[in-house]
Amino acid sequence: MERSDTQPGAATAGHPLDRRAELSEFLRSRRARLKPEDVGLPDFGRHRRVPGLRREELAQLAGVSVAYYTRLEQGNGRNVSAEVLDAIARALRLTDAEHAHLTHLAKPKSHKKKPAARQQQVRPALRQLLDTMDGVPAYIVGRRSEILAWNRMAAAVFGDWAELAPAERNWARLVFLRPDYRDLFVDWQQKAIDIVCALRMDAGCYPDDPRLSALVGELSVKSEEFRRLWATHDVKEKNHGVKRLHHPLVGDLSLHFESFRLADDADQSLITYHAEPDSRSADSLHLLASWGTDASRAGSAA
């Protein structure tokens, strides 16, 4: 008999995420990570049977009744006010991204129904912009970590995604299911965390998205690392930083990345990479630029 490896509240293929379960588990996980001394409360450690703050302690910090907070933590966010959510976010020491995620779970916005199979569209002018960014690896990523468009430099650095089926052009599938991407990212664990955090934020905004649910269900079955990270309920946005790569042709690369949400579609982001001027990584990018997409083919044949 097969055992079930899915976490509580996780999606299964064809079934939407349970928003109430997501809200409950998110609040429990944030409360469990706080210690009494973190929020100025006395710690009677030997009498504490569960990690983190008790519900009554959190309710006291937020200025709400224990019964009210208990209902919320049980997934009943109906009619909760923005002021109460703000107070709970402060008590839980939530980041801005976590606060936004809590708000999406507790007070869902009404999204107009869109055909489930409709692919996100990238404006032609944006595709032209990507093509003009000579020497700069750049791509556009959408909901569910889908890679929607890219330029030849992105293909030279990350692999020629044109050779993949559209459904496989997805950062989550690439990072968790493809061994070559595990080798590409020097800090693969951090890249995996970033992907899961982004998917969690998507799930808060669009729990009824069947394609997102199917993706989470598939990865939960196929990847133990994904199951473990999904169960942490961590959410965050990472808009800039440095990625260290080990390219099969040019070796180590250290690239700065910037992420820009599109003003007319917040579900799409333009991601760009660049190297420090006159660095070894800059020289390697110039070399890859001379090869273009042939670089990825040469790397796969090496």
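What counts, and at which threshold
Residues numbered from 1 in each chain as written. Predicted model: local features only at pLDDT ≥ 70, side-chain atom pairs only at ≥ 80, totals over all residues. Heavy atoms only, no water. Helix = DSSP H or I, 4+ residues; strand = E, 2+ residues; numbered from the N terminus. Buried < 20%, exposed > 50% of the residue type's maximum accessible area, 1.4 Å probe, protein only. Patch = residues over 30% accessible without salt bridge, like charges linked within 9 Å, V, L, I, M, F, W, Y side chains within 5 Å. Areas by Shrake-Rupley, 256 points an atom, 1.4 Å probe, with all protein chains shown as cover. Salt bridge = Lys/Arg side-chain N within 4 Å of Asp/Glu carboxyl O. Contact = heavy atoms within 4.5 Å. Pairing = 2+ DSSP bridges. Axes fitted to C-alpha atoms, helices over the stretch in contact; angles between N-to-C directions. 1 Å grid on protein atoms, 1.4 Å probe; cavity = no way out; pocket = protein on both sides within 12 Å on 5 of 7 lines; lining within 4 Å. Points joined across faces, edges and corners; volume = space filled by probe spheres on them. Nonpolar A, V, L, I, M, F, W, Y, C, P; charged D, E, K, R; others polar.

**Describing unusual backbone geometry**
Step number 1: Phi angles above zero are rare outside glycine, and Arg93 is one such case at about 60°.
Step number 2: With a phi angle near 65°, Arg144 is a residue other than glycine that sits in the positive phi range.
Step number 3: As for its placement among the helices and strands, Arg144 is situated in the loop between strand E1 (138-141) and strand E2 (147-150).
Step number 4: The exposure class of Arg144 is buried, given its relative accessible area of 6%.

**Topic: a nonpolar patch on the surface**
Step number 1: Taken together, Leu249, Leu287 and Trp291 make up a surface patch of nonpolar side chains, about 240 Å² in accessible area.
Step number 2: With respect to the helices, strands and loops of the structure, Leu287 is situated in helix H13 (residues 280-291).
Step number 3: For Leu287, a relative accessible area of 38% gives the class partly exposed.

**With respect to the environment of Ile88**
Step number 1: Summarising the element assignment, Ile88 is placed in helix H4 (residues 82-91).
Step number 2: Sequence-wise, Ile88 and Leu27 are 61 residues apart; in three dimensions their C-alpha atoms are separated by 9.4 Å.
Step number 3: Excluding its chain neighbours within four sequence positions, the residues that come into contact with Ile88 are Leu27, Leu58, Ala62, Tyr69, Leu72 and Leu102.

**Some points on the sheet that holds strand E3 (residues 240-247)**
Step number 1: Across the sheet, five strands lie side by side as E2-E1-E5-E4-E3; this open sheet has antiparallel pairing. The open sheet has two edge strands, E2 and E3, and neither has a second partner. Mean inter-strand twist for the sheet, computed between neighbouring axes without regard to direction, equals 30°.
Step number 2: In this sheet, E2 lies alongside E1 in antiparallel orientation, the contact comprising three bridges. Each bridged residue has a counterpart across the sheet, and for Ile140 the counterpart in E2 is Ala149.
Step number 3: Running at roughly 80° to strand E4 (residues 251-262), H13 makes contact with E3 and E4 of the sheet.

**A short note on the layout of surface pockets**
Step number 1: In this model, the largest pocket occupies a volume close to 810 Å³.
Step number 2: Val141, Ala198, Ser259, Arg261 and Ser269 are the residues nearest the centre of the largest pocket, which is lined by 34 residues in total.
Step number 3: At the level of secondary structure, the elements contributing two or more residues to the lining of the largest pocket comprise helix H5 (96-106), E1, helix H10 (188-205), E4 and strand E5 (265-274).
Step number 4: Residue contributions to the lining of the largest pocket peak at nine residues, all from H10.
Step number 5: Here the lining of the largest pocket is composed, by residue class, of 16 nonpolar, seven polar and eleven charged.

This is a description of form; function is not addressed.
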